[in-house]
Amino acid sequence: MFRQIGPTEILIILGVVLLLFGGKKLPELARGSGKALRIFKTEVKALHDDEDDEAKPASLETVRATEQDKKPEQG
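Residues numbered from 1 in each chain as written. Predicted model: local features only at pLDDT ≥ 70, side-chain atom pairs only at ≥ 80, totals over all residues. Heavy atoms only, no water.

Below, the discussion takes up the environment of E43. Considering the arrangement of structural elements, one finds E43 in helix α2 (residues 26-49). For the pair E43 and S59, spaced 16 residues apart in the sequence, the C-alpha separation amounts to 9.2 Å. (Helix = DSSP H or I, 4+ residues; strand = E, 2+ residues; numbered from the N terminus.)

Okay, here's the thing in structure tokens:
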């Protein structure tokens, strides 16, 4: 019934997104989407880790601290 999305469909979708948001807004949109995805992942991980206990939602500070831990030290 349904078929997989091919390269032509992906290009059409990307073209529509480019027309809607413009070239200058795309990096900001991607950055915001990435941040939202990281927060979602930490929430899901917290739910799996604390199945028996009451799960706490991850705050933005927790996500930033996790990002800082992953970055290599500069110096």
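Back to the write-up after that little detour.
This part is about the pattern of salt bridges. For side chains of opposite charge, pairing can occur when their charged atoms come near one another. Applying the stated rule across the entire model yields 1 salt bridge. The partner of R3 in a salt bridge is E9, and the shortest N-O contact between them spans 2.9 Å. (Salt bridge = Lys/Arg side-chain N within 4 Å of Asp/Glu carboxyl O.)

Turning next to a nonpolar patch on the surface. Together, I12, V16, L20, F21 and L29 make up an exposed nonpolar region whose accessible area comes to about 480 Å². With 4 residues, the single largest contributor to the nonpolar patch is helix α1 (residues 7-21). Relative to the helices and strands, L20 resides in helix α1. The exposure class of L20 is exposed, given its relative accessible area of 64%. (Patch = residues over 30% accessible without salt bridge, like charges linked within 9 Å, V, L, I, M, F, W, Y side chains within 5 Å. Areas by Shrake-Rupley, 256 points an atom, 1.4 Å probe, with all protein chains shown as cover. Buried < 20%, exposed > 50% of the residue type's maximum accessible area, 1.4 Å probe, protein only.)

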